[in-house]
Amino acid sequence: MTTFADLGVDQDIVEALSQRGIIDAFPIQEQTIPLGLPGQDIIGQAKTGTGKTFGFGIPVVQRLGANPEPGVKALIVVPTRELAVQVYEDMDMLTENRATSVVAIYGGKAYEGQIEQLKAGAQIVVGTPGRLIDLAGQRLLDLSNATEVVLDEADKMLDLGFLPDIEKIFQKVPAVRHTQLFSATMPGQIVTLARRFMSNPIHIRATDPDEGLTQANIKHLVYRAHSLDKDEVIARILQAEGREKTVIFTRTKRAAQKLVDELQDRGFAAVAVHGDMSQESRERSMAAFKAGKKDVLIATDVAARGIDVDDVTHVINHTIPDDEKTYLHRAGRTGRAGRTGIAITFVDWEDLHKWALINRALEFGQPEPIETYSSSPHLYADLQIPEGTKGRIATAPRADSAPKVDGAGGDRPRRRRSRSRGSASRPDAAAGAAAPRPAEGGGTHDGGGSEHRDGTSTPRRRRRRRGPRPDAAA
DNA sequence: AAAAAAG
């Protein structure tokens, strides 16, 4: 096991990390840090939740020196505001024992604080394209000395929607610079395009080529949603034992809002994040979810990438994502840092072709792992039992550590104060739903242990969880 | 087509 100290990381950074129990480097970090430190341009690719942020962040901090002059020397560009906040926090942590300061520059927020921090001499900027260009245009942000440049979620940043902004930004930074691009997904044509902004980049893939594209510790379940009351089924899944936090993705902002209202009415501690909300509300939702004050987050694809929340045990695709990349990123909100997780996808009738495409791209194996459900509540209750393979399980080809969520139960009432908003609210609906409880549970949390050699997952075989948290860097 | 990203 390689430690950060072994990789040549400065002592003060090692201390900031170790204070949080972070000692050993993940594979992507092990591979990119020794290259990034001397200034090698890198395209870094590693699966979701395997530590890419430190992979580029540590070299950025260290290369600025322990006592950098005031003024922007490093720029990290990300696709969403929430990710800007998160990466800002990571960078802030890495620099806590040195004079370097970090600022987050993104929209939906007052200019003043951001401008102040820039004027105070912040050296590292983490931001989203719009506000960065805005401030740069006003000469309030000087990028002419930003010799460290990172595109996080790089394939997204180089995608059509963002590319013009990214080109503008690259025009503002020095031609001679250190450039790092990171993402879990890096289509070949994006890699080709990326080379335009880099010099002799090395493409690092911290992935075993025949390991499959999906994370081995995420289990994938797919259900045909045709004639299914999705809200009802989701409500039941949310009562599964062993569930900690859940992220539910919808295709549209409106659908997200509708679902969060519905789930709140049913008594769940749910919050939403989508682009129709004020930035303040978005951040409030994220903070409550991260802190565990709320355990259900309903989101559009704004939260599909990068967002790192501990203890997300379930991801639910209320509507199927558009493509396999989005599928991978959404599912990757669970199963982070070696933990296990479950990704459940509902496929609407009109989206069957999308599923077929995703299924093929991700090499899930079973061609059409979809089964129709009747409206029997009992079947709904079984839905969250992975080993039941009720709805066929699509597993990555070599995924041999099929995780399981324990407990089949569907009857655990929410112990939430149901805030009756509006007289029509049904505060007890969740508890009332009390599905017949198919089996014992015995669930503690933290999906750990019990590896499971497979392809289809054995029905039967109810195991209790326990066992050590899978070694993070495994 | 939707979502994101400036206001």
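Residues numbered from 1 in each chain as written. Chains lettered and ligands numbered in written order. Predicted model: local features only at pLDDT ≥ 70, side-chain atom pairs only at ≥ 80, totals over all residues. Heavy atoms only, no water.

For chain A, an unreviewed UniProt entry supplies the name RNA helicase and the organism Microbacterium sediminicola.

Scanning chain A from terminus to terminus reveals 16 helices and 14 strands. Out of the 474 residues belonging to chain A, those deemed buried represent 58%. In chain A, the proportion of contacts linking residues at least 24 apart, taken out of those at least 6 apart, comes to 76%. Accessible surface for chain A amounts to roughly 19100 Å². Of this, 48% is attributable to carbon and sulfur atoms. (Helix = DSSP H or I, 4+ residues; strand = E, 2+ residues; numbered from the N terminus. Buried < 20%, exposed > 50% of the residue type's maximum accessible area, 1.4 Å probe, protein only. Contact = heavy atoms within 4.5 Å. Areas by Shrake-Rupley, 256 points an atom, 1.4 Å probe, with all protein chains shown as cover.)

Mapped onto this numbering, the UniProt entry annotates "short sequence motif: Q motif" (unreviewed entry) at residues 2-30. Annotated as 41% helix and 0% strand, the span residues 2-30 places its first and last C-alpha atoms 7 Å apart. (UniProt positions renumbered as here; feature names shortened; annotations may be inferred.)

All right, on to the UniProt feature "domain: Helicase ATP-binding" (unreviewed entry) in chain A then. Taking the numbering used here, the UniProt-annotated feature "domain: Helicase ATP-binding" (unreviewed entry) corresponds to residues 33-204. Spanning residues 33-204, this segment combines 40% helix with 17% strand, and its end C-alpha atoms are found 11 Å apart.

Around DNA strand B there are 23 residues in total, and G130, R131, T252, K253 and G275 lie nearest to it. For DNA strand B, the fraction of atoms within 4 Å of the protein that belong to sugar or phosphate moieties is 79%. Here a phosphate oxygen of DNA strand B and a backbone polar atom of G108 are 3.1 Å apart. Between DNA strand B and G275 there is a distance of 2.7 Å, counted from a phosphate oxygen to a backbone nitrogen or oxygen. Top element by residues in the surface near DNA strand B is helix 6 (residues 129-137). It accounts for 4 residues. The residue inventory of the surface near DNA strand B, partitioned by class, reads 5 nonpolar, 10 polar and 8 charged. (Near = heavy atom within 4 Å. Polar contact = N/O pair within 3.5 Å; in protein donor to acceptor, adjacent residues only side chain to side chain. Nonpolar A, V, L, I, M, F, W, Y, C, P; charged D, E, K, R; others polar.)

The subject of this paragraph is the nonpolar core. I58, I76, M91, L94 and I124 are the most contacted members of the largest nonpolar core, which totals 51 residues. At 6 residues, helix 4 (residues 81-94) tops the list of elements feeding residues into this core. Residues from two domains meet in this core; each of domain 1 (11-207) and domain 2 (212-432) gives at least three. For M91, the contacting residues outside a window of four places in its chain are G57, V60, V61, I76, V102, I124 and V126. (Core = buried A, V, L, I, M, F, W, Y, C linked by side-chain atoms within 4.5 Å. Domains from an automatic or database assignment.)

All right, on to the packing of helix 4 against helix 12 (residues 279-291) then. The N-to-C vectors of helix 4 and helix 12 enclose an angle of 50°; their axes lie 10 Å apart at closest approach. Relative to helix 12, helix 4 is oriented oblique. Along this stretch, helix 4 crosses helix 12, giving a crossing that reads as right-handed. Between helix 4 and helix 12, the residues in contact are R81, E82, V85 and Q86 and Q279, R282, E283, M286 and K290, respectively. (Axes fitted to C-alpha atoms, helices over the stretch in contact; angles between N-to-C directions. Parallel < 35°, antiparallel > 145°, perpendicular 65-115°, else oblique. Left-handed = near helix turned anticlockwise from the far one by under 90°.)

Evaluated as defined, the whole model comprises 4 aromatic pairs. On the basis of an interplanar angle of 35° and a centroid distance of 6.3 Å, the ring pair of Y223 and F346 is categorised as tilted. With Y223 in strand 8 (residues 218-224) and F346 in strand 13 (residues 341-347), this residue pair connects regions lying 123 residues apart in the sequence. Y223 gets classed as buried once you look at its relative accessible area, which sits at 1%. Geometry around F289 places K245 over its ring, the cationic atom sitting 5.8 Å from the centre. (Phe/Tyr/Trp six-rings, centres within 6.5 Å; stacked < 30°, edge-to-face > 60°. Lys NZ or Arg CZ within 6 Å of the ring centre and 35° of its normal.)

Before going further, it helps to spend a moment on the domain arrangement of chain A. Considered domain by domain, chain A is made up of domain 1 (11-207) and domain 2 (212-432). Contacts between the two partners involve 23 residues from domain 1, matched on the other side by 22 residues from domain 2. Summed over both sides, the interface between domain 1 and domain 2 buries roughly 1800 Å², with carbon and sulfur atoms accounting for 52% of that surface. Seen at the junction of domain 1 and domain 2, the total is 3 salt bridges. Across the pair E153 and R305 runs a salt bridge, and its minimum N-O distance is 2.9 Å. Taken together, the elements giving at least two residues each to the side of domain 1 that touches domain 2 come down to helix 4 and helix 7 (154-157). Among the elements that take part in the side of domain 1 that touches domain 2, helix 4 stands out by supplying 5 residues, more than any other. Within the side of domain 1 that touches domain 2, the residues separate by chemical class into 6 nonpolar, 10 polar and 7 charged. (Buried area = accessible area lost by both parts, 1.4 Å probe. Salt bridge = Lys/Arg side-chain N within 4 Å of Asp/Glu carboxyl O.)

Another aspect to go through is the environment of N317. Counting through the fold element by element, N317 comes out in strand 12 (residues 312-317). Here N317 falls in the buried class, since its relative accessible area comes to 0%. Spatially, the C-alpha atoms of N317 and N97 are 41 Å apart, while their sequence positions differ by 220 residues. Residues within four places of N317 in sequence aside, it is in contact with F249, Y327, R330, I344, T345 and F346.

Backbone geometry places D311, a non-glycine residue, at a positive phi of 65°. Here D311 shows up in the loop between strand 11 (296-299) and strand 12. Even without being glycine, A337 reaches a positive phi, approximately 50°. Among the secondary structure elements, A337 is positioned in the loop between helix 13 (324-331) and strand 13.

The next point concerns the sheet that holds strand 6 (residues 178-183). Across the sheet, 7 strands lie side by side as 3-4-2-5-6-1-7; this open sheet has parallel pairing. On the outer flanks of this sheet lie strand 3 (102-105) and strand 7 (202-205), each paired with one strand and no other. Sheet twist, expressed as the average angle between the axes of neighbouring strands with direction ignored, equals 15°. Summarising the sheet, strand 3 and strand 4 (residues 124-127) pair through 4 bridges and their orientation is parallel. Opposite V103, over in strand 4, you have V125 as the bridge partner. (Pairing = 2+ DSSP bridges.)

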